[in-house]
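Okay, here's what each chain looks like letter by letter:
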Amino acid sequence: MSSSETRDNVPAGDRSESPLGTTATPVIGPGHTFASITDKISAIVLTRPTTRRWWIGFSIAFMLMMMLFFTISALLVVGVGLWGINVPVGWGFDIVNFVWWIGIGHAGTLISAILLLLRQKWRTSINRFAEAMTIFAVMCAGLFPIMHMGRPWFAYWLTPYPNTMGLWPQFRSPLVWDVFAVSTYALVSLLFWYIGLIPDFGTLRDRSTTRVGRVIYGVLSMGWRGSAMHWHRHEVASLLLAGIATPLVVSVHTIVSFDFAVGIVPGWHATIFPPYFVAGAVYAGFAMVLTLTIPVRAIYGLEDFITSRHLENMAKVMLVTGLVVAYGYMVEMFMAWYSGNLYEHYMIKNRFFGPYRLMYWALLTCNVVAPQFVWLKKVRSSPAALWCVAMFVNVGMWLERYVIVVVSLSRDFMPSSWGRYSGTIFDWSFYIGTIGLFLTLLYLFIRFMPMISIFEMHTLLPDAQVPETKESESTGEVSHD
Amino acid sequence: MIKSIVATNRPPIYGIVAEFLTPAELVSAAHAARHAGFRRMDAYTPFPIEELTHALGMRHTRLPWIVLAGGVIGFLGGYFLQYFASVVAYPLNIGGRPFHSWPAFIPVTFECTILGAALAAVLGMLGLNGLPMPYHPLFNLPRFAMATRNRFFLCIEATDPKFDREKTRQFLAAMNPREVSEVPH
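Residues numbered from 1 in each chain as written. Chains lettered and ligands numbered in written order. Predicted model: local features only at pLDDT ≥ 70, side-chain atom pairs only at ≥ 80, totals over all residues.

Participant: How would you sum up the interface of chain A and chain B? Please name residues and give values.
Facilitator: With 62 residues of chain A in contact, the opposing surface of chain B contributes 64 residues. Listed by contribution, the elements that provide at least two residues to the side of chain A that touches chain B are helix H1 (34–46), helix H5 (174–207), helix H7 (228–261) and helix H15 (454–458) of chain A. Ranked by the residues each element gives to the side of chain A that touches chain B, the list is headed by H7 of chain A, at 16 residues. Residues of the side of chain A that touches chain B, tallied by class, amount to 31 nonpolar, 20 polar and eleven charged. (Contact = placed C-beta atoms within 7 Å. Helix = DSSP H or I, 4+ residues; strand = E, 2+ residues; numbered from the N terminus. Nonpolar A, V, L, I, M, F, W, Y, C, P; charged D, E, K, R; others polar.)

What follows is the structure in structure tokens.
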């Protein structure tokens, strides 16, 4: 049918409206039409054969996920004694990994919600992918506190419901706030993602060549037909969701930081924690988006859609949030000195020279030194170099949470109650297993869903703009701004 | 018997649809159709086109009010849930501190507000759009599959008072569409 295409769209050329994009690099490669965008993105799902590379990657991820299930089974049989946690360090890998995964998710919401409100058009080709990343990361994150409960089959006790025990959650505890924040976050992210997918499922339904595909994508698309009024409501709903997801994402990591900041443990009890945690989350999240999109765009030949400008903009956001995080470290040190508090002072000394000093120095190298290379244009425009910096940040942010949790708990107030902590093999297999779960879901997502929003990519083409018409009806319609 | 009554009551076709190659052509056709007095019509496009809502004379959606209502319900529900749990059902006296400690209730209230508003936005959008709707007459048209790819459709429905099978067809054909077709039920 595409042979009947008579009029070509003008190449997207060098329209750069974004204030971030001072360079002329476009957000979409030249020569694309509505049809070519649809076909290229839907072909990844519908017609392109599943490559050997996909199978290899998926198999590795799947095996890691099986390791996760094995670890969880062992945990359910034996108990949390399998882990390295004990007095005084009762929050080990589980809380470290929980905060790490939640933080990774935040870039997805930032890209899909905040950049949508700021009308940053370059977000279009990466938002679907980043949102998927958010949902999978939150799923991984949620596993840790649930398994940490010891009796995870009672996890529903966290929800307020009338019960025969006559018990209610303690609503003055940040841990209960966290339950509400994370579950709301998971649900809202899922809804936002699904809302955006509905029109694209419609496209896949119409493009699918098999009956199974038509039925499955047809059900998922809910009968979407692209009606003008439907699009109008869809747009309004997306904008409103973006508007409410923006304060939500800030609140989630703020509340995660309250889990620490409300406690009196030295190194936790700090007012800098909420902004410092939110910046850290966005930092880690953008590093993870870079880590994932750089290989994916190379493997699937998506350089037209995820251009060097996208990578550069993400690198800039990573650099800025990295500087905020570095500022957070400085404030921690300053407050330890300025407060004159013996325990706070010792906490910093312990970080630099104590038993976990290697981790702290590695954290400073990964989180403060490594991103400084992004100042160089050469590094920003080289995907390989950016990928390396992003990997440093991924590791660094994990170490940051490890230092916050373990260093503070292992040596708090009384030297007689000090202790040491290290993760056991089950801690590691649980952590690496969730990476397997995350990658498995990501592989399935890339294979079965449009990883770039087709309809939003259409709007980037110059042909999508309708020139102003003279005859504008004025029968009391309200324009939506 | 019921079937025959329905069959006699409804018009033989759903409407007449014109297919355009560009959004600009569709918008000007929609303008012209509205100018000609057609009211029951809709456009189908692969991506949102802001001008269409003007051109088709559609009213602004009341979705924002539904979202507001969802948010208010979430806010009140979240707050009074905590009030009930902490003051009425399970009061814990810790150092004589007040049971109704409202500042500690803010985070959960906030999250519930967001949840209520988000659910209202999604369910409201689907509800107002009448989705899920597995069957629609337009899907009978094989070429309508292009509406989610690169074609732009304008459909004048048979229930429009000005609808006339021949005249409407000619009217749409004059708009320089790629194709004009009738949509069977």
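Participant: Outline the packing of helix H3 (residues 93–117) of chain A against helix H8 (residues 273–299) of chain A, listing residues and values.
Facilitator: Residues and elements named next belong to chain A. In the contact formed by H3 and H8, the axes pass within 6 Å of each other and the chain directions differ by 75°. The angle between the axes of H3 and H8 places the two elements in the roughly perpendicular class. The segment H3 lies against H8, with Trp100, Ile102, Gly103, Ile104, Gly105, His106, Ala107, Gly108 and Leu110 engaging Gly280, Ala281, Val282, Ala284, Gly285, Phe286, Met288 and Val289. Here the contact of H3 with H8 is built from residues that sort into eleven nonpolar, six polar and no charged. (Axes fitted to C-alpha atoms, helices over the stretch in contact; angles between N-to-C directions. Parallel < 35°, antiparallel > 145°, perpendicular 65-115°, else oblique.)

Participant: Just give me the short version of unusual backbone geometry, but keep the residues and values in it.
Facilitator: Look at the link from valine 87 of chain A to proline 88 of chain A: it is a cis peptide, with omega at 5°. Within the secondary structure, proline 88 of chain A is located in the loop between helix H2 (52–78) and H3. A cis amide bond links leucine 131 of chain B with the next residue in sequence, proline 132 of chain B, at an omega value of -5°. By secondary structure assignment, the location of proline 132 of chain B is in the loop between helix H5 (102–129) and strand S3 (152–157). The phi dihedral of methionine 222 of chain A is positive, around 60°, even though this residue is not glycine. With respect to the helices and strands, methionine 222 of chain A occurs in the loop between helix H6 (211–221) and H7.

Participant: Please provide a residue-by-residue account of the sheet that holds strand S4 (residues 179–184) of chain B, values included.
Facilitator: All names here are of chain B. In spatial order, the strands read S2-S3-S1-S4; together these four strands make up an open sheet with antiparallel pairing. The open sheet is flanked by strand S2 (41–44) and S4, the only strands paired with a single partner. Strand after strand, the sheet turns through a mean of 25° between neighbouring axes, direction not considered. Where strand S1 (residues 13–20) lies against S3, six bridges are found, and the strand directions are antiparallel. (Pairing = 2+ DSSP bridges.)

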